[in-house]
Amino acid sequence: MSAAVHPGHTVVIALCFMRICAIIPAYQAERNVEDVTREALRVNGLGGAVFVVDDGSSDRTAERARAAGATVLIHPENRGKGAALRTGMELALAAGFDVAVTIDADGQHPPEEARRLIEADADPEALVLGIRDLVSAGAPRANQISNRISNFFLSLFAGRPFADTQCGLRRYPLRTTLSLGARDDGYAFEAEILLRAVAAEIRIVEVPTRVIYPTEEERLTHFDSVRDPARIVGRVLATLALTRGLRHVPAAPVPSPDARRSAVASALAAEIDPHPSQPTAAPP
């Protein structure tokens, strides 16, 4: 008679076969990025691998991240959080990682909370979302309202409830996420990924996580609580059109491993984005 396997043991066994890293998109984050990077490097399960994408900062973000032990890639110009996340995912996939936990550089996500997402599900193809309690954390009222608006619209259009659609603490299956072909370069990237994941029938898991909101004088954010939710809703509507109301999601081609490694190696040598932005017509 075979011995029963405890569910917790199943997760641990699965983690042994998952190569997991952390990705930190950063813009003008010299004040916090070094501490966030050092703490992320200490998280069990991340394999000591942290990739920081400096999204066109004019301060010492890249220097501080590098000093803390991160692998740094630089966008010469500010392109937005979505573009930084895509660059980080391409870099991590090319480096041989299967899964990435994304952590914001502002210090609001204690990096040790990444462990909750790592252990939340044994399926390396699951998209795992952090859920914040903004009220208990003392988040500004404007942030609470904008989050509720985004949650309402995404839940409505996705046909399933989402508790927190704006939390930057997430666990992404790298190859699958890149194949979804999300287009947005800004904050709406994270909302677009959710809709495309629903359309592609990817398992989505939600996990409560702790968040820290510093005092107003110490708070650093580039999120506009009025403008950015409106852009998110616009991207949601465009995504619904592209996915035919979530009945179909067009897969984007993922470059071959050799092509990815070549592009990323060249980029790291110069410490620049391997896929710089091009002057093209704005996506729908």
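Our subject is the structure listed above.
This section reports on the structure supplied with the text. (Residues numbered from 1 in each chain as written. Predicted model: local features only at pLDDT ≥ 70, side-chain atom pairs only at ≥ 80, totals over all residues. Heavy atoms only, no water.)

1. A closer look at the pairing of strand β3 (residues 71-75)
On any regular strand, side chains alternate: one points to one face of the sheet, the next to the other face. Of all the five residues making up β3, four are buried; the element is thus mostly covered by neighbouring parts of the structure. Here strand β2 (residues 50-55) runs beside β3; their pairing, made up of five bridges, is parallel. Following the sheet pairing, V53 is matched in β3 by L73. Note that the unit made of β2, helix α3 (residues 61-68) and β3 has a crossover that is right-handed. (Buried < 20%, exposed > 50% of the residue type's maximum accessible area, 1.4 Å probe, protein only. Helix = DSSP H or I, 4+ residues; strand = E, 2+ residues; numbered from the N terminus. Pairing = 2+ DSSP bridges. Right-handed = clockwise from strand over helix to strand, strands pointing away.)

2. Concerning the packing of helix α2 (residues 33-41) against α3
Orientation of α2 relative to α3, taken along the N-to-C sense of each, is 25°, at an axis distance of 8 Å. One finds that α2 runs roughly parallel with respect to α3. Here α2 and α3 pass one another in a crossing that is right-handed. Here V33, E34, T37, R38 and L41 of α2 lie close against α3, whose contacting residues are T61, R64, A65, A67 and A68. Broken down by class, the residue content of the contact of α2 with α3 amounts to five nonpolar, two polar and three charged. (Axes fitted to C-alpha atoms, helices over the stretch in contact; angles between N-to-C directions. Parallel < 35°, antiparallel > 145°, perpendicular 65-115°, else oblique. Left-handed = near helix turned anticlockwise from the far one by under 90°. Contact = heavy atoms within 4.5 Å. Nonpolar A, V, L, I, M, F, W, Y, C, P; charged D, E, K, R; others polar.)

3. Considering the packing of aromatic side chains
As enumerated under the stated definition, the model contains three aromatic pairs in all. Taken together, a centroid distance of 5.4 Å and an interplanar angle of 80° make the contact between F152 and F153 edge-to-face. One aromatic cluster in this structure is built from F152, F153 and F157. The residue whose ring lies beneath R19 is F97, and the NZ or CZ to ring-centre distance is 4.2 Å. (Phe/Tyr/Trp six-rings, centres within 6.5 Å; stacked < 30°, edge-to-face > 60°. Lys NZ or Arg CZ within 6 Å of the ring centre and 35° of its normal.)

4. A short note on the pattern of salt bridges
On inspection of all chains with the given rule, the structure shows 13 salt bridges. The partner of R60 in a salt bridge is E30, and the shortest N-O contact between them spans 3.3 Å. Of this pair, R60 sits in the loop between β2 and α3 while E30 is found in the loop between β1 (20-26) and α2, placing the two residues 30 residues apart along the sequence. Ionic pairing is found between R132 and D164, a salt bridge with its closest N-O pair at 2.7 Å. Placement of the pair is R132 in the loop between β5 (127-131) and α6 (134-137) and D164 in the loop between α7 (141-158) and β6 (170-173), with a sequence separation of 32 residues. Here R132 and D164 have matching classes, each one buried. (Salt bridge = Lys/Arg side-chain N within 4 Å of Asp/Glu carboxyl O.)

5. Quick look at the pairing of β1
Burial of β1 is extensive: seven of the seven residues sit out of reach of the surface. Where β1 lies against β2, five bridges are found, and the strand directions are parallel. Looking at the pairing, A26 lines up with D54 of β2. In terms of handedness, the path from β1 via α2 over to β2 forms a crossover that is right-handed.

6. Here we look at the environment of G107
Note that G107 resides in the loop between β4 (99-102) and α5 (114-119). A relative accessible area of 29% places G107 in the partly exposed class. The spacing of G107 and A29 is 78 residues in sequence and 9.5 Å in space, taken between C-alpha atoms. Once residues within four sequence positions are removed from consideration, G107 is found in contact with N32, V36 and I212.

7. Some remarks on helix α9 (residues 188-199)
If you check α9, its first and last C-alpha atoms are 17 Å apart, about what twelve residues at 1.5 Å a residue would give, namely 16 Å. Buried residues dominate α9, accounting for twelve of its twelve residues. Count one or two residues on from α9 and you reach E201, which has phi positive near 60°. (Expected span 1.5 Å × (residues − 1).)

8. Let's talk about the sheet that holds strand β7 (residues 204-208)
On the basis of which strands lie adjacent, the open sheet formed by seven strands has the order β3-β2-β1-β4-β6-β5-β7 and mixed pairing. Bordering the open sheet on either side are β3 and β7, each of which pairs with just one other strand. Neighbouring strand axes in the sheet, compared pairwise and without regard to direction, differ in orientation by 25° on average. Relative to β7, β5 runs parallel, the two sharing five bridges. Counted as the bridge partner of I131 is P208 from β7.

9. Things to note about the side chain of R171
As for its placement among the helices and strands, R171 is situated in strand β6. Despite its burial, R171 remains without a salt bridge, the nearest opposite charge being carried by D121 at 4.8 Å. From its side chain, R171 meets the backbone oxygen of D123 in a polar contact 2.7 Å long. Residue contacts for R171: discarding those within four places in its chain leaves M18, V99, A100, V101, L117, I118, D121, D123, P124, A126, L127 and V128. (Lys, Arg positive; Asp, Glu negative; His and termini not counted. Polar contact = N/O pair within 3.5 Å; in protein donor to acceptor, adjacent residues only side chain to side chain.)

The analysis is restricted to geometry; functional conclusions fall outside its scope.
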